[in-house]
Amino acid sequence: MPRFRTIIASAAAALALATAAPALAVGTVTMANGGQNFTASGPSAYWHYDQGQGYCGHYATWCSPANAQWTYVNHAYGDVNSATWRNPYAVSAPEFASAFIPARNATATAHYTLRYNYGSYWSRDVDQRPFYDQWVRINATGLAMLDTVMLGDQSWYGTASDKVAFDEIKIEN
Amino acid sequence: MRSPKILFALGMLAAAGVAATALAAHAERRAIPVAEAVRAMFADLETAAKREQARGCPDSGASGDGPCAAARAKLDAMHDDAVNAADAAIARPATERAAAIAAIRAFRTNDWLEVDYRSTSPNPYKDGEEKIEIYADDKGFEYWIDPARDVLVQAGPGAGLHPAPRKARPDARLPVPELRSRALAILERQMPGFGKRKSSLHPLEDHKDKLVYFFRWDDFSQPAKESEMPPFVQVALYADGELASYTDTLTR
């Protein structure tokens, strides 16, 4: 079976790394909440930040910002606060997204949506409460051209005091 | 399957010049075994997708059952075929995966647990080429197995498999020492000798809203790679003692 050993990168990736923005490793992209490939929406008053928490805050000194952010769940229809991580290096090959679940303020059953295959969508609920400073796989089977990960605060589960954590997303292939 | 990207990327990397040193800090070399047939399937998928986009077909989320729906269904079928073929190209034969299923059943102490293979994919805790096999049981739990050792790396509610979060009844709550004892029993079963080994690890106990209790031991004896976490083991138990999740990145 042919094997290839190479480095995937781009000038944009190199620039991103040089400015300590989301890291690119070969076959792996880690996108930080608050980083250049991350967009948050919704009332700013509802966003909360835990400095020194999450993957960038607790483990990875090379990425920033060094925090995790969260908001309370919304039990009504539709998202009030939400966020999007855009993968700038999506490839036409099976890709796997993992979410880092922080130790604190991650107690909701959160609804992740992945955009892949040039415009298809894959949605899954992830119970964040059983996990603590660790990676959780969002898609157990590969999705090609996985270019966007979306997470909102809407949930039909739990109570209004549950918190949805928005931290790093890692995409591997 | 990544060759067009690779060629493009290598060219761009050469042009990056100044930033190459910084890049090296986070780049990982990967060997990617890909059958030519699989590569062709993804190339065909890309070509078909670009053709539909040129035709003006929007995302499935926007189009619903509009005129592009048939094209989207075809693209999705091509996608699933390609992904399945790619997984088949890297997965161990089913006969070799029997040891992984046995490891999961031993962990759950249930010889009859229904366990299905899902995929083989990169291990998010490791840089490089280390893989995990993902399995799911009929209770909504997902299991990650290190196929090189048939060792359980992680277990917990799988995405989309266990949507209703579990809570212990108040009258079923166990005291923390009992939960700690149960966590250690699980670890001793998974990692014989853990009782002696844990003295060299950094212990941590915490909980989330007193609903899930975490018993964790981190290994800080060696500096972790920049993009990896220090190895750790963790048992998470619901307040009534039921398993919430398990992770072992210590066992090598």
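Going along each chain's sequence as written, the residues are numbered from 1 onward. Whichever chain is written first is A, and whichever ligand is written first is 1; the rest continue in order. Given that the model is predicted, a residue must reach a pLDDT of at least 70 before its local features are reported, and side-chain atom pairs must reach 80 or more before they are shown or counted; all residues, however, enter totals for whole chains, interfaces and linings.

### Observations regarding the domain arrangement of chain B
Residue and element names in this part refer to chain B.
Next, step 1: Taken as a whole, chain B is organised into domain 1 (3-16 + 27-90), domain 2 (98-157) and domain 3 (170-248).
Next, step 2: Domain start and stop points were drawn from an automatic or database domain assignment. Placing a centre on the C-alpha atoms of domain 2 and another on those of domain 3 gives a separation of 18 Å.
Next, step 3: In this description, a residue-residue contact is defined by the distance between C-beta atoms placed from the backbone, which must lie within 7 Å. Opposite the 9 residues of domain 2 that make contact, domain 3 presents 10 residues.
Next, step 4: Each helix is a run of H or I in the DSSP string that is no shorter than four residues. Each strand is a run of E no shorter than two, and both are numbered from the N terminus. The greatest single-element share of the side of domain 2 that touches domain 3, amounting to 5 residues, is contributed by strand β5 (residues 151-157).

### Side note on the sheet that holds strand β12 (residues 148-152) of chain A
For sheets, the rule is that strands pair by backbone hydrogen bonds, running either parallel or antiparallel.
All names here are of chain A.
Next, step 1: At least two bridges found by DSSP between two strands is the condition for calling them paired. An order of β4-β7-β12-β9-β10 is seen for the 5 strands of this open sheet, with the pairing classed as antiparallel. Two strands lie at the open edges of the sheet, namely β4 (38-41) and β10 (120-127), each paired on one side alone. Looking at each pair of strands side by side, their axes are set apart by 20 degrees on average, direction ignored.
Next, step 2: Across 4 bridges, the pairing between β4 and strand β7 (residues 82-86) is antiparallel. Across the sheet, residue Ser 41 finds its bridge partner in β7, namely Ser 82. For helices, the fitted line uses only the C-alpha atoms of the stretch in contact; every axis is such a line through C-alpha atoms, and the angle between N-to-C directions lies from 0 to 180 degrees.

### Side note on the nonpolar core
Next, step 1: Any nonpolar core is a set of buried residues, restricted to Ala, Val, Leu, Ile, Met, Phe, Trp, Tyr and Cys, that join up through C-beta atoms within 7 Å. Residues are called buried when their C-beta atom has 20 or more other C-beta atoms within 10 Å, exposed when it has 12 or fewer, and partly exposed otherwise; all C-beta atoms are positioned from the backbone. In terms of nonpolar packing, the biggest core is built from 96 residues, with Ala144(A), Ala82(B), Ile104(B), Tyr135(B) and Ile145(B) touching the most fellow members.
Next, step 2: Not counting the four nearest positions on each side in its chain, Ile145(B) is found in contact with Ala100(B), Ala103(B), Ile132(B), Glu133(B), Tyr135(B), Asp150(B), Val151(B), Leu152(B) and Val153(B).

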